[in-house]
Amino acid sequence: MQIHLKTLGCRLNEAELETWAQDFQAAGHSISRELDNANLVVLNSCAVTEDAVRKSKQLIRRIHRDNPQAKLVVSGCYATLNETEAAQLLGVDLIINNKDKNRLVEKTLSELNLDSMPALSTEPGEVSLFSRGRQRAFVKVQDGCRYRCTFCIVTVARGEEQSRPVSAVLDEINRLHEQGINEVIITGVHLGGYGSDINSNLLELIQAILDNTTIPRLRLGSLEPWELSDGFFELFKNPRLLPHLHLPLQSGSDAVLRRMARRCKTEEFSQLVMQARAAIPNFNLTTDIIVGFPGETEQEWQESYDFIRKLGFGHIHIFSYSPREGTKAAELSQQISQELKKQRSRQLHELAESMKQNFIAENIGNTAEILWEGHSEMLNNGNTRYFGYTPNYLRVACEVAQGTALENRILSGRLLRAQLGFIQVDLE
Ligand code: SF4
C-alpha cells in the first residue's frame, strides 16, 4: 500500500510523521511523496491559531478532492479538539485522537482493515522489517524459491533458486564497509535455501563472511524456519552475528500450516526456538502471522493463538489473508469474512503488543552495543535525542548535548526504561 503523509504545524508534528513513516514501513507498506497514487493519506493537523484550523480544514478538502479514492486519516490538534466536526468532513475515514497518536499506525491498519498481505512473501518484508540508512545496508544473496507455499506468489513470480557466489557477497560487503556501512543484513527470497544450487549452504556463507570481512555487525533477514544446518546456532557465539531471527511461522495451527503447505510444523518450530534461546543470549525472535487463512476454524484460530502466546515473540508482523491470483490458496473454498479477519487481527495485535512489552521489560537493565543512526530530534531543553538499535533489534534512544555527533558510531549503553516507541538508554 502506498501511503502519503502530510503535516501542518509544529516540529513535534513533523517528528511524529517520521515515526509513523517508519512504523508503516515496518508493517510492509511504502511511503509515497505523491498524493495522486496514494491508497492512504494521513494528515497530522494543527489548531494553534484560527488560521491553522482553517488551513487544516482546507487541506482535508483538498486531499479528498485531489485523490478521492484514498482513505483519509486525520490526527493532530485540530482533529482532537474538533473531533465531531472533523469526522464529518467529506472524505475523512478515521480520526485518531492525540492520546492515541503513538498507536496511529496499528489503529489505522486494523480499523480500516488495511493490514493485508504484502505482494510477495519474505523479500519485501526485509525492507519493511529493518530500517535502512547510511549505517545499515541490505545485501541480497539469493533469489527464487523451490517451495510452493499455497499463499505465496514468489515461486510464480521469481522462479527457481539462484545463489550468488560467496566471493561476490564478500566483495560487496567489503565494499560497503569501506564506504562506512557498519551493519549488513543478508537477505534472500528463501534465505535458508542459500547454496542449494551451488553446493553450499547458509552456514558456510555466514562463516565465510565472519572470517573474510571485518564488518562489525551482520544480521540475517527473514528466514524460513527449515533447512537450517546442524551447528547453525553455534555461529552466534561470534557477537558480530546479531542475536535476532525473523522466522515466519504464519500460523500456530498444524492443520492450517498443512493447507498452507508449510515445511515446518509447530513442534519443529518450538524445537528450533528452544535451541536458539539456549544458544544465544538475549535472543530476539520475531515472526509473520497470517490471520484468516481460508477455512481457519474457530478451533484452529484458538490453537494458533495459544501456540503464539506460549512461544512468545518480540514482534509480530500480522497480515490479514488476502487472495493473490495465481496461488493455490486463492482457489480454496471457505474464504474468511472481512469482519472475522479484522476481529482476529485485532486480538493478535493486542497479544503481540503485550509480548513485545514483556520482551522489552526482560531487556531493561542490560548493557548493549548500540549502532546509532542519523535520525535524531531536538528537544525543548536544547539537547539532541538520537535513535539506534541494539544487536537484538530493540529501538533505543539517548539524549546528548547539542553538537555531540553519534551517527554511525557503535557505543555501549544501558537500557533504562521503556518510553513511547523506544527504550531510553544511558551511554556508558
Ligand atoms: S518458502 Fe514458501 S513463503 Fe517462503 S518464498 Fe518459498 S513459497 Fe514463498
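Undergrad: Just checking my understanding: could you explain the overall build of the protein for this structure?
TA: Along the protein, the regular secondary structure elements total 13 helices and 17 strands. Radius of gyration (C-alpha) of the protein: 22 Å, near the 22 Å computed for a compact globule of 428 residues. Expressed as a percentage of the 428 residues in the protein, the buried residues total 56%. Long-range pairs, those at least 24 residues apart, make up 70% of the contacts in the protein between residues at least 6 apart in sequence. When the accessible surface of the protein is totalled, it reaches about 18900 Å², and 47% of it is carbon and sulfur. Charged side chains of the protein number 47 positive and 54 negative; the gap between the two group centres comes to 3 Å.

Undergrad: Could you clarify how one ought to interpret the environment of Pro 281 in this entry?
TA: Within the fold, Pro 281 resides in the loop between α11 (266-279) and β11 (284-291). Between the alpha carbons of Pro 281 and Ser 196 there is a distance of 30 Å; along the sequence they are 85 residues apart.

Undergrad: Hey, could you run me through the packing of aromatic side chains in this one?
TA: For any pair of aromatic rings, the description consists of the separation of the ring centres together with the inter-plane angle of the planes. As enumerated under the stated definition, the model contains nine aromatic pairs in all. Consider the rings of Phe 269 and Phe 313, whose centres lie 6.3 Å apart with planes at 50°: the pair is tilted. Of this pair, Phe 269 sits in helix α11 while Phe 313 sits in the loop between α12 (298-311) and β12 (315-320), and the two are 44 residues apart along the sequence. Residues Trp 301 and Tyr 305 carry aromatic rings whose centres are separated by 6.0 Å and whose planes lie at 55° to one another, so their mutual orientation is tilted.

Undergrad: Explain helix α9 (residues 202-212) to me, please; I cannot follow it from the model alone.
TA: Since the α-helix turns once every 3.6 residues, residues separated by three or four places project in the same direction. Every buried residue of α9 is accounted for by Leu 202, Leu 203, Leu 205, Ile 206, Ala 208, Ile 209 and Leu 210. Where α9 is buried, its residues contact β6 (136-143), α8 (166-178), β8 (183-188) and β9 (217-220). The N-capping residue of α9, defined by a side-chain oxygen 3.1 Å from the backbone nitrogen of Leu 203, is Asn 201.

Undergrad: For this particular structure, what's the right way to read the pattern of salt bridges?
TA: As a working rule, side chains carrying opposite charge can pair if their charged atoms are close by. Enumeration according to the criterion identifies 23 salt bridges in this entry. Close ionic contact of Lys 237 with Glu 234 constitutes a salt bridge, the shortest N to O distance being 2.7 Å. On the accessibility criterion, Lys 237 (62% relative accessible area) is exposed. One network of salt bridges, in which partners are shared, links Arg 136, Glu 183, Arg 217, Arg 219 and Glu 373.

Undergrad: Just checking my understanding: could you explain the nonpolar core for this structure?
TA: As a rule of thumb, nonpolar side chains are buried together in soluble globular proteins. Formed by 69 residues in total, the largest nonpolar core has its most connected members in Ile 186, Ile 206, Leu 220 and Phe 232. In terms of residues, this core owes the most to one element, α9, which gives seven residues. Setting aside chain neighbours within four positions, we find Phe 232 in contact with Leu 202, Leu 203, Ile 206, Leu 220, Leu 223 and Leu 245. By size, the runner-up hydrophobic cluster in this structure holds 20 residues, among which are Ala 38, Ala 52, Val 53 and Ala 70.

Undergrad: Honestly, the sheet that holds β11 in this entry has me stumped. Any pointers?
TA: Strand pairing in a sheet relies on backbone hydrogen bonds. The paired strands run either parallel or antiparallel. The three strands are arranged β10-β11-β12 in an open sheet whose pairing can be described as parallel. Each end of this open sheet is capped by a strand with a single partner; those strands are β10 (244-246) and β12. If you compare each strand with its neighbour and ignore which way they point, the axes differ by 10° on average.

Undergrad: Explanation requested: the sheet that holds β9 in the structure shown.
TA: The sheet built from four strands is open, its strands ordered β7-β6-β8-β9 with mixed pairing. Strands with a single pairing partner mark the edges of an open sheet, and in this sheet they are β7 (162-163) and β9. In this structure, β6 lies alongside β8, joined through six bridges in parallel fashion. Residue pairing in the sheet places Val 139 in a bridge with Ile 186 of β8. Seen against the sheet, α8 touches β6 and β8 and runs at an angle of roughly 170° to β6.

Undergrad: When you look at the side chain of Gln 135 in this model, what are you seeing that I'm missing?
TA: Turning to its location among the elements, Gln 135 is positioned in the loop between α6 (122-129) and β6. If we skip the residues at most four places from it in the chain, Gln 135 touches Ile 181, Asn 182, Glu 183, Leu 371, Trp 372, Glu 373, Gly 374, Glu 407 and Asn 408.

Undergrad: Quick question: what am I supposed to make of unusual backbone geometry here?
TA: At Gln 334, a residue that is not glycine, the phi angle is positive and equals roughly 55°. Within the chain, Tyr 393 stands out as a residue other than glycine whose phi angle is a positive 60°. Relative to the elements of secondary structure, Tyr 393 occurs in the loop between β14 (384-389) and β15 (395-400). Here Tyr 393 falls in the buried class, since its relative accessible area comes to 12%.

Undergrad: Help me out: how do you make sense of the pairing of β8 in this one?
TA: Two faces make up the sheet, and in a regular strand the side chains alternate between them. Counting buried positions over the six residues of β8 gives six, a clear majority of the element. Residues Glu 183, Ile 185 and Thr 187 line one face of β8 and the alternating positions Val 184, Ile 186 and Gly 188 line the opposite face, and both faces are buried. Following the backbone out of β8, through α9 and into the adjacent parallel β9, one traces a crossover that is right-handed.

Undergrad: I keep staring at the pairing of strand β4 (residues 71-75) and nothing clicks. Help me out?
TA: Summarising burial for β4: four of the five residues are buried, a large majority. Tracing the backbone out of strand β3 (residues 40-45), into helix α2 (residues 50-66) and back to the parallel element β4 gives a crossover that is right-handed. By the bridge criterion, three bridges tie β4 to strand β5 (residues 94-96) in an arrangement that is parallel. Bridged to Ser 75 within β5 is Ile 96.

Each value, and the rule that gives it
Residues numbered from 1 in each chain as written. Predicted model: local features only at pLDDT ≥ 70, side-chain atom pairs only at ≥ 80, totals over all residues. Heavy atoms only, no water. Helix = DSSP H or I, 4+ residues; strand = E, 2+ residues; numbered from the N terminus. Rg over C-alpha atoms; globule rule 2.2 N^0.38 Å. Buried < 20%, exposed > 50% of the residue type's maximum accessible area, 1.4 Å probe, protein only. Contact = heavy atoms within 4.5 Å. Areas by Shrake-Rupley, 256 points an atom, 1.4 Å probe, with all protein chains shown as cover. Lys, Arg positive; Asp, Glu negative; His and termini not counted. Charge placed at Lys NZ, Arg CZ, Asp CG, Glu CD. Phe/Tyr/Trp six-rings, centres within 6.5 Å; stacked < 30°, edge-to-face > 60°. Polar contact = N/O pair within 3.5 Å; in protein donor to acceptor, adjacent residues only side chain to side chain. Salt bridge = Lys/Arg side-chain N within 4 Å of Asp/Glu carboxyl O. Core = buried A, V, L, I, M, F, W, Y, C linked by side-chain atoms within 4.5 Å. Pairing = 2+ DSSP bridges. Axes fitted to C-alpha atoms, helices over the stretch in contact; angles between N-to-C directions. Right-handed = clockwise from strand over helix to strand, strands pointing away.

On their own, these measurements won't tell you what the molecule is for.
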